[in-house]
Amino acid sequence: MELNYGASRQQPRQDAAMQRFREHRFGQFVHWGLYAMPAGYWQGTEYRFAAEFLQKTANIPEPEWAELAQQFSAEAFDADAWAALAARSGVKYATFTTKHHDGFCLWPSQYTDFHSGNTPAARDFIGELVAAYQRHGIDVYLYYSVLDWHHPDWRYRLESAEDQQAFKRYLDFAMNQLVELAQRYPSVKGFWFDGTWDESVKANGRWTWEVEQRLKELIPGLIVSSRLRADDLGARHRDSNGSLMGDYESGYERRLPDPWDRSVCEQDWEACMTIPQASWGYHAGPWAKRTRKSAAELIDMIAHCTSLSGNFLLNFGPRGDGSIDPEDAALAEQIGNWLAQNGAAIYGKGVATNWSYPGWGYYTQEADSETVYAVVTKWPTARRLRLQLPAGERLLAATLLREPALQLNPQELETSLFELELGNSSEETLVFELTTAAAE
Ligand code: JFZ
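Since we're looking at a predicted model, the values are computed, not measured.

1. Quick word on the packing of aromatic side chains
One pair of aromatic rings is described through two measures. These are the centre distance and the angle between the planes.
Then comes step 1: A complete count under the given rule lists 34 aromatic pairs for this structure.
Then comes step 2: Plain terms: the ring middles of Phe29 and Trp192 are 5.0 Å apart, the flat faces sit at 55 degrees to each other, and that makes the pair tilted. Highlighted residues: Phe29 in strand β1 (residues 26-30) and Trp192 in strand β6 (residues 190-194), separated in sequence by 163 residues. Taken individually, Phe29 and Trp192 each receive the classification buried, so the pair is uniform in this respect.
Then comes step 3: Relative to Tyr170, the ring of Phe167 lies with its centre 5.9 Å away and its plane at 20 degrees, an arrangement referred to as stacked.

What follows is the structure, given as structure tokens:
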């Protein structure tokens, strides 16, 4: 089918910017805005739903919500502290909400008054974060919600000529803001789009195509998530011919490819994940605390994504005053400590070609390398790890990444089936580096 606004290529990008993104494997998502202040509560009631949706779940009239801007002083906000923690957690890139569904902007936009410059804080948070994270060697991506509950011209559907005109004005406004972001922060590496699922946006595939083109003109090498795009017929993520739009699939939302299936690797992809069960913005209630994921669970997810050549974007919701919840900070440190010892199995690695899914964890591999990593996230109760080598390969050495000096003697059971003794039980996720060669 001829499409004007479908996919712009059939194969994954191979340029240096895309290669860099592909090697990151672990990134930090940050959802921060006015919603971090009420943190899931309104007039004493806890709302057990995503904190960034409170305006809707608690039925708060929009003008009342907008008044929260007058309390936004963010006295504990310290961009350098966020960036230093992110660096210690081992992330290589970070994606910040510039504007979420409530329409509040974390930079002083010239196209609306509803921004962080017009708050007691009177700051350009995006500018501070971009500078701080880059100082710590972390690439920056910007999240932008097209859906906007504040703007009078936003429409969910286009049912009248008036709707059409209003929504046209809205799309101009959003394009202006996006160009403004690209011009103010030209060092960012990409844009992560959201809030594009409504009929009004799906009827404007051309606009989504224009946004992608325009931003890429302004920032060469820019990377754009598939969630931006709709085609001529309103198909999303994938066009009506089945080809991926944007540069990578961003539809893995609080879920990973399951069952494990290597066909996922045919395109670039990223999964995003919350620490609690379902809130992106900071939620102060017991509801969110109860469902927190542990470092071990999140490390499993990082390895899971890497083993299928995808990236893992872990969300943090800083508190309303700009500080980071100490429990979140501790979790970031735990993951970072693990990555400091075992990152060789993650960064720049991807699917282990020819190695089958082992059940006790994941294999990862650097493309075309003889070295494979075995990340053991689910300990076999029998304390023995069986390695099934691909046909035609033999094992030369196995070392524990955390303690390379420790000599492991793999037991050969039969051709290409090996066993590693794991020794004493450990709560930790161990990684074995396996060196293989072609069998003579
Ligand atoms: C969206 C937002 O509504 C949410 O607040 C957060 O910003 C998240 C990252 O993105 O939520 C979604 C979007 C898409 C799906 C589910 C939740 N989806 O495709 O299933």
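2. Notes on the sheet that holds strand β13 (residues 384-388)
Then comes step 1: Pairing is antiparallel in the open sheet, where 3 strands are placed in the order β13-β17-β16. Two strands close off the open sheet at either side, each with one partner strand: β13 and β16 (411-414). Strand-to-strand, the axes of this sheet are offset by a mean angle of 30 degrees, without reference to chain direction.
Then comes step 2: Note: β13 against strand β17 (residues 417-421), 5 bridges, orientation antiparallel. The residue bridging Gln388 from the neighbouring strand is Leu417, located in β17.

3. Observations concerning the environment of Ala122
Then comes step 1: Within the secondary structure layout, Ala122 lies in the loop between β4 (93-99) and α5 (125-135).
Then comes step 2: For the pair Ala122 and Phe72, spaced 50 residues apart in sequence, the C-alpha separation works out to 8.9 Å.
Then comes step 3: Among all residues touching Ala122, those that are not within four sequence positions of it are Ser116 and Gly117.

4. A closer look at the site of the ligand
Then comes step 1: Neighbouring residues of the ligand: Phe29, His31, Glu52, Phe53, His100, His101, Tyr143, Asp194, Trp197, Arg227, Glu253 and Trp280.
Then comes step 2: At 3.4 Å from an oxygen atom of the ligand is found a side-chain nitrogen or oxygen belonging to Tyr143.
Then comes step 3: At a separation of 3.4 Å, an oxygen atom of the ligand approaches a polar side-chain atom of Arg227.
Then comes step 4: A total of 450 Å² of accessible area belongs to the ligand in isolation, and the protein chains cover 74% of it.
Then comes step 5: In the shell around the ligand, the residues fall into 5 nonpolar, 3 polar and 4 charged.

5. Some words on the packing of helix α10 (residues 295-307) against helix α11 (residues 326-342)
Then comes step 1: One way to put it is that α10 packs onto α11 with a least axis distance of 10 Å and a crossing angle of 50 degrees. When the interaxial angle is binned, α10 and α11 end up oblique. Considering only the axes of α10 and α11, their crossing is right-handed. Touching Ala295, Leu298, Ile299 and Ile302 of α10 are Leu331, Gln334, Ile335 and Trp338, all from α11.
Then comes step 2: Split into classes, the residues belonging to the contact of α10 with α11 amount to 7 nonpolar, 1 polar and no charged.

6. Quick look at the domain arrangement of the protein
Then comes step 1: The domains assigned to the protein are domain 1 (16-345) and domain 2 (352-438).
Then comes step 2: Distance between the C-alpha centres of domain 1 and domain 2: 36 Å.
Then comes step 3: With 13 residues of domain 1 in contact, the opposing surface of domain 2 contributes 18 residues.
Then comes step 4: Buried area between domain 1 and domain 2, summed over both chains or domains, comes out near 1300 Å², and the portion from carbon and sulfur atoms is 59%.

7. Considering the pairing of strand β18 (residues 430-438)
Then comes step 1: Direction of pairing for strand β12 (residues 371-376) relative to β18: antiparallel, over a ladder of 6 bridges. In the sheet register, Val376 faces β18, and the bridge partner there is Leu430.
Then comes step 2: With 7 bridges joining them, strand β14 (residues 393-400) and β18 adopt antiparallel strand pairing. The residue bridging Glu393 from the neighbouring strand is Ala438, located in β18.

8. Some words on the pattern of salt bridges
Then comes step 1: One pass over the full model with this rule turns up 33 salt bridges.
Then comes step 2: Close ionic contact of Glu199 with Lys202 constitutes a salt bridge, the shortest N to O distance being 3.5 Å. Of the two residues, Glu199 and Lys202 both sit in helix α7 (residues 199-202), 3 residues apart, roughly one turn of that helix.
Then comes step 3: With a relative accessible area of 25%, Lys202 lands in the partly exposed category.
Then comes step 4: One salt bridge connects Lys216 with Glu212, and the closest N-O pair in it is separated by 2.7 Å. Of the two residues, Lys216 and Glu212 both sit in helix α8 (residues 205-218), 4 residues apart, roughly one turn of that helix.
Then comes step 5: Judged by relative accessible area, Lys216 falls into the partly exposed class, the value being 21%.
Then comes step 6: Judged by its relative accessible area of 2%, Glu212 is buried.
Then comes step 7: One network of salt bridges, with partners in common, ties together Arg9, Arg13, Asp15, Glu212, Lys216, Arg229 and Asp247.

9. Looking at unusual backbone geometry
Where the residue is not glycine, phi is negative for most of them; where a peptide bond is considered, it is trans in most cases.
Then comes step 1: Here Asp258 and Pro259 are connected by a cis peptide whose omega angle stands at 5 degrees.
Then comes step 2: Along the chain, the position of Pro259 falls in the loop between β8 (249-253) and β9 (269-273).
Then comes step 3: Even without a glycine there, the phi angle at Ala122 is positive, about 45 degrees.

10. Description of the nonpolar core
Then comes step 1: Ranked by internal contacts, the top residues of the largest apolar core, which has 104 residues, are Trp32, Tyr133, Tyr144, Phe191, Phe193, Phe312 and Ile335.
Then comes step 2: Among the domains, domain 1 (16-345) and domain 2 (352-438) are the pair contributing at least three residues each to this core.
Then comes step 3: Leaving out residues up to four positions away in the same chain, Phe312 has contacts with Arg25, Phe26, Gly27, Tyr93, Leu256, Ala271, Met273, Leu298, Met301, Ile302 and Cys305.
Then comes step 4: Trp355, Leu395, Leu430 and Leu434 belong to the second-largest nonpolar core, a separate cluster that totals 20 residues.

Reading the values: rules and limits
Within every chain, residues take consecutive numbers counted from 1 along the sequence as written. In view of the model being predicted, local features appear only for residues whose pLDDT reaches at least 70, and side-chain atom pairs are presented and counted only at 80 or more, with totals across whole chains, interfaces and linings using the full set of residues. The side-chain numbers reported here are obtained from all heavy atoms of the structure, hydrogens and water having been left aside. To pair, rings of Phe, Tyr and Trp, with the six-membered ring standing in for Trp, must have centres within 6.5 Å; the planes then decide the type, stacked if under 30 degrees apart, edge-to-face if over 60, and tilted in the middle. Secondary structure elements follow DSSP: runs of H or I of four or more residues count as helices, runs of E of two or more count as strands, with numbering from the N terminus. Each residue is placed in one exposure class: buried if its accessible area under a 1.4 Å probe, protein chains only, is under 20% of its type's maximum, exposed if it is over 50%, and partly exposed if it falls in between. Between any two strands, pairing holds if DSSP finds at least two bridges. Helix axes use the C-alpha atoms of the stretch in contact, all axes being lines fitted to C-alpha atoms, and the angles between their N-to-C directions lie in the range 0 to 180 degrees. A contact between two residues is defined here by any heavy atoms of the two lying within 4.5 Å. Note on definitions. A residue lies near a molecule or strand when any single heavy atom of the residue is within 4 Å of it. Any N or O atom pair separated by 3.5 Å or less is treated as a polar contact, with the protein-specific requirement of one donor-capable and one acceptor-capable atom, and with residues adjacent in sequence counted only for side-chain atom pairs. For the accessible areas, the method is Shrake-Rupley and the probe is 1.4 Å, while residue cover comes only from the protein chains on display. Residues are grouped as follows: nonpolar covers Ala, Val, Leu, Ile, Met, Phe, Trp, Tyr, Cys and Pro; charged covers Asp, Glu, Lys and Arg; every other residue, Gly included, is treated as polar. Geometric relationships in this document are graded by angle, where less than 35 degrees denotes roughly parallel, more than 145 denotes roughly antiparallel, 65 to 115 denotes roughly perpendicular, and other angles denote oblique. Each crossing gets its handedness from the near helix: less than a right angle anticlockwise from the far helix is left-handed, clockwise is right-handed. Residue ranges for the domains originate in an automatic or database domain assignment. By definition, the buried area sums, over both parts, the 1.4 Å-probe accessible area that each loses when the two are put together. Salt bridges are identified by distance alone: a Lys or Arg side-chain nitrogen within 4 Å of an Asp or Glu carboxyl oxygen. Among buried residues, the Ala, Val, Leu, Ile, Met, Phe, Trp, Tyr and Cys ones that are joined through side-chain atoms within 4.5 Å form a nonpolar core.

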